[in-house]
Amino acid sequence: MSNTNFSRLEVKALVVSIILLGFLFSFKQWGTDKFNFLTGLGNWIRASLVAAVSLLIHVVTKKMIALKYGTELEYQIWKIKRFWFGESSVFPKKIFGIQINYLALGIILPLIFIFISNGKLIFAGIGITILSTPTVLRFGRKFKHISEFETAIISLAGPLASLILAMLFKIASLSGFTFDLFIKMNFYLAFFTMLPLPNFDGIKIFFASRFLYLLTFAFIIIAIILSQYINTAST
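Rules and cut-offs
- Counting restarts for each chain, with residues numbered from 1 along the sequence as it is written.
- Side-chain atom pairs in this predicted model are given and counted only at pLDDT of 80 or more, local residue features only at pLDDT of at least 70, and totals for whole chains, interfaces and linings cover all residues.
- As a rule here, side-chain values cover all heavy atoms of the structure and leave hydrogens and water aside.
- Secondary structure counts use DSSP, requiring at least four H or I residues in a row for a helix and at least two E residues in a row for a strand, with both numbered from the N terminus.
- Here the expected span of a helix is defined as 1.5 Å times the quantity of residues minus one.
- Categorising residues by exposure relies on relative accessible area from a 1.4 Å probe, with only protein chains included: less than 20% of the type maximum marks a residue as buried, more than 50% marks it as exposed, and the intermediate range marks it as partly exposed.
- Stacked, edge-to-face and tilted are the three classes for Phe, Tyr and Trp ring pairs, Trp counted by its six-membered ring, which pair at centre distances within 6.5 Å; planes under 30 degrees apart are stacked, over 60 edge-to-face, the rest tilted.
- Think of it as a cone above the ring: NZ of Lys or CZ of Arg counts as a charge over the ring if it is within 6 Å of the ring centre and within 35 degrees of the ring normal.
- Whenever a carboxyl oxygen of Asp or Glu lies within 4 Å of a side-chain nitrogen of Lys or Arg, that contact is scored as a salt bridge.
- In the cavity and pocket records, a cavity denotes points on a 1 Å grid over the protein atoms alone where a 1.4 Å probe fits but cannot get out, a pocket denotes an open set with protein on both sides within 12 Å along at least 5 of 7 lines, and lining residues are residues with an atom within 4 Å of a point.
- Grid points are joined across faces, edges and corners, and a volume is the space filled by probe spheres set on the points.
- Residues were grouped as follows: Ala, Val, Leu, Ile, Met, Phe, Trp, Tyr, Cys and Pro as nonpolar; Asp, Glu, Lys and Arg as charged; and all remaining residues, including Gly, as polar.

## Concerning helix 5 (residues 180–193)
Taking 1.5 Å as the rise per residue, helix 5 with 14 residues should run 20 Å; its terminal C-alpha atoms sit 20 Å apart, in good agreement. The complete set of buried residues in helix 5 reads Leu181, Phe182, Ile183, Met185, Asn186, Phe187, Leu189, Ala190, Phe192 and Thr193.

## Let's talk about the packing of aromatic side chains
Using the criterion set out here, one finds 20 aromatic pairs in the structure. Between the aromatic rings of Phe25 and Tyr188, the centroid separation amounts to 5.3 Å while the plane-to-plane angle is 85°, which identifies the pairing as edge-to-face. With Phe25 in helix 1 (residues 8–25) and Tyr188 in helix 5, this pair connects stretches of sequence that are 163 residues apart. Under the relative-accessibility criterion, Phe25 is labelled buried at 7%. Judged by centre distance (6.2 Å) and plane angle (45°), the ring pair of Trp30 and Phe37 falls under tilted. Among the aromatic residues, ring-to-ring pairing joins Phe25, Trp78, Phe113, Phe123, Tyr188, Phe191, Phe192, Phe200, Phe206, Phe207, Tyr213 and Phe217 into one connected group. The ring of Tyr69 carries Lys68 above its face, with NZ or CZ at 5.2 Å from the centroid.

## A word on the pattern of salt bridges
Summed over the entire model, instances satisfying the criterion amount to 2 salt bridges. Between Glu10 and Lys63 there is a salt bridge, with its nearest N and O atoms 3.0 Å apart. With Glu10 in helix 1 and Lys63 in helix 2 (residues 37–68), the pair connects residues that are 53 residues apart, well separated along the chain. With a closest N to O distance of 2.6 Å, Lys62 and Asp201 form a salt bridge. With a gap of 139 residues between them, Lys62 in helix 2 and Asp201 in helix 6 (residues 201–208) connect regions that are remote in the sequence. The same class applies to Lys62 as to Asp201, namely buried.

## So, unusual backbone geometry
Despite not being glycine, Asn118 shows a phi value in the positive range, around 55°. Mapped onto the elements of the fold, Asn118 is located in the loop between helix 3 (105–116) and strand 4 (127–132). Given the relative accessible area of 47%, Asn118 is considered partly exposed. Residues other than glycine seldom take positive phi values, yet Asn199 does so here, at roughly 70°.

## A closer look at empty space enclosed by the protein
Following the criterion strictly, the structure yields 1 cavity of 30 Å³ or more and no others. Roughly 130 Å³ of internal volume is contained in the largest cavity. In terms of lining residues, the largest cavity is bounded by 16 residues, among which His58, Tyr75, Gly127, Ile128 and Thr193 are the most central. Contributing elements (two or more residues each) for the lining of the largest cavity: helix 1, helix 2, strand 4 and helix 5. For the lining of the largest cavity, the per-class residue count stands at 8 nonpolar, 6 polar and 2 charged.

None of the figures reported here should be taken as evidence of function without further support.
Written out as structure tokens, the structure reads:
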């Protein structure tokens, strides 16, 4: 589809991502002195709502920029179909009689990190975006296929959208309002999507322009550090 609408598969991936992000960011909020299911569930729902706003802005921004460059973008859970070299490491595989078509690292790794660290390590690299270029969208353009640099610009739109959102909420919080969860989640999204991992935004930017990658990643890290400094200075 040549618009910013979501397909059914994208909606499923987004729902899973939103629920998982909400779980990760509310992991240590299931009661103060002892476990409280209702308190935890309420915090999970609240974090999931924050995740929904944050992730949708992140993805829709990329979709809009993708259309500008004559291509389409699809959101997926981060997964791999090969875990090592050689034929034996390629999916699909049968394990204990169960057909496994891929490893959903975007679900597996966050859960491993959050449980092993007891909520201290949040791995927010859950989803990725894949570009496709219908011929009709590139009609009249100089090149039929999208360039590496155009791919980098599209990939950059998501992390920058999350970063700007975090900074706007940070500025708003100086007026006395509390947006800690919005700020934290969007900084995490900006940081993790910039990691140079397979199919992440970071790897696409890195291969197109190392200078652009290092400049953007450094800017995100500095913004996160300054945000923490402002927190310390204001207390």
